[in-house]
Every structure is written in C-alpha cells, then in structure tokens.
Amino acid sequence: MTMPQHCPTLDLDLDDMPLLDAPWSVRFGLGTKGRTALEVYNAGLLLDILVARPLAADLLRGARRASPNGRPSVLAWGHLPPDGVPPAVVCSQRNHTRKPAEAIPAAGAFWLATLEGCFDRVTVTRRDGASERLRVRAGWSR
C-alpha cells in the first residue's frame, strides 16, 4: 500500500488525543482514492501507514515501545471495527502484569492508545468478543 509523496494533510484537531510526549507522533492525510490515512512516527521515523477501508481487517495493526529520557511508554494502533467503537486495549508483561489502556478514535477510521510503562504484549478485544494480540516491538525496529 502506498501513499502519494505529495499527500494532502487533513485539518484535524488533535487536542483531545492524549498521546504521550515524544517520541510518538501521528499525521493524518489523504491516501488513495481520497481515503483518510494515518501515519505513525517514532522520533520522526515513519513506522506505519494505514489507509481507511470499509471493512478493516487489521483491528490491531501495530504496537511499539520506547523509553525516551528513561520514561518507558507503549503506543498501539489499528483500524476501528465496523461498528466504529474502539476496542478494549490491555497491555501485559511477561510477569503477567496487565494494565488497560484507553483506545481513542482518530479520524473516524482508526484508533490509538498509549500507556506509560514497559510492556511486552498488547491485546485488543472488540465488543463482539473477537480479539487480536501482538508482541510489542522496539520503537525503531521495522
């Protein structure tokens, strides 16, 4: 999936999105066929591009961790399910510590969740009970 190099940006207000401080950032734009697109960055490095689609298959698209200034955090993201309700998000560690993170809807097609702490896995669950799980990767890895 590619986005044009000269992708126009969308005028969206991010003030209500409680993303943690650096290194995480997001950018919204228009992808192919004028569909909303989400770009996810870690310290300026592009990690992922999602383009809205009517039947999104990737409920949980990605999860990364970073520790800028010794403050560990996790960012998870994905497509909103067909009902438009963000999934329940739970981060976990190998020692079985589990902590919920709030998924915030973004641009009507995506969700983002951040949580302070060092976590190994992210699990998301839709209202219908379907769930997906990913290993949290280092923020700079591909």
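Before reading further, recall that the structure is shown in the block above.
The rules behind each value
Residues numbered from 1 in each chain as written. Predicted model: local features only at pLDDT ≥ 70, side-chain atom pairs only at ≥ 80, totals over all residues. Heavy atoms only, no water. Pairing = 2+ DSSP bridges. Helix = DSSP H or I, 4+ residues; strand = E, 2+ residues; numbered from the N terminus. Axes fitted to C-alpha atoms, helices over the stretch in contact; angles between N-to-C directions. Patch = residues over 30% accessible without salt bridge, like charges linked within 9 Å, V, L, I, M, F, W, Y side chains within 5 Å. Areas by Shrake-Rupley, 256 points an atom, 1.4 Å probe, with all protein chains shown as cover. Salt bridge = Lys/Arg side-chain N within 4 Å of Asp/Glu carboxyl O. Lys, Arg positive; Asp, Glu negative; His and termini not counted. Charge placed at Lys NZ, Arg CZ, Asp CG, Glu CD. Buried < 20%, exposed > 50% of the residue type's maximum accessible area, 1.4 Å probe, protein only. Contact = heavy atoms within 4.5 Å.

Here's the deal with the sheet that holds strand β6 (residues 88–92)
Consideration 1: Strand order in the open sheet made by the four strands is β7-β6-β10-β11, with antiparallel pairing throughout. Only two strands of the sheet have a single partner each, and these edge strands are β7 (98–101) and β11 (131–135). With direction set aside, neighbouring strand axes in the sheet form an average angle of 25 degrees.
Consideration 2: Pairing of β6 with β7 involves four bridges; the strand directions are antiparallel.

Brief notes about a positive patch on the surface
Consideration 1: Taken together, the side chains of R98, R121, R133 and R135 make up a positively charged region of the molecular surface.
Consideration 2: Relative to the helices and strands, R135 resides in strand β11.

Examining unusual backbone geometry
Consideration 1: The residue H96 is not glycine, and still its phi comes out positive at about 75 degrees.
Consideration 2: Structurally, the position occupied by H96 is in the loop between β6 and β7.
Consideration 3: Residue H96 is classed as exposed on the basis of its relative accessible area, which comes to 70%.
Consideration 4: Of note, A107 is a non-glycine position whose phi angle comes to about 60 degrees, a positive value.
Consideration 5: The topology assignment puts A107 in the loop between β8 (104–106) and β9 (110–116).
Consideration 6: According to the relative accessible area criterion, A107 is partly exposed, its value standing at 30%.

Considerations on the environment of V74
Consideration 1: Tracing the sequence through the fold places V74 in strand β5 (residues 73–79).
Consideration 2: Measuring from C-alpha to C-alpha, the distance between V74 and R64 comes to 5.6 Å, with ten residues separating the pair along the chain.
Consideration 3: The contacts of V74, once residues within four sequence positions are left out, are W24, R64, R65, C91, A113, T114, L115, G117, F119, V122 and V136.

What to know about the environment of C118
Consideration 1: Inspection of the secondary structure puts C118 in the loop between β9 and β10 (121–125).
Consideration 2: Among the residues examined, C118 registers a relative accessible area of 42% and is labelled partly exposed.
Consideration 3: Residues in contact with C118, not counting those within four places in the same chain, are P72 and Q93.

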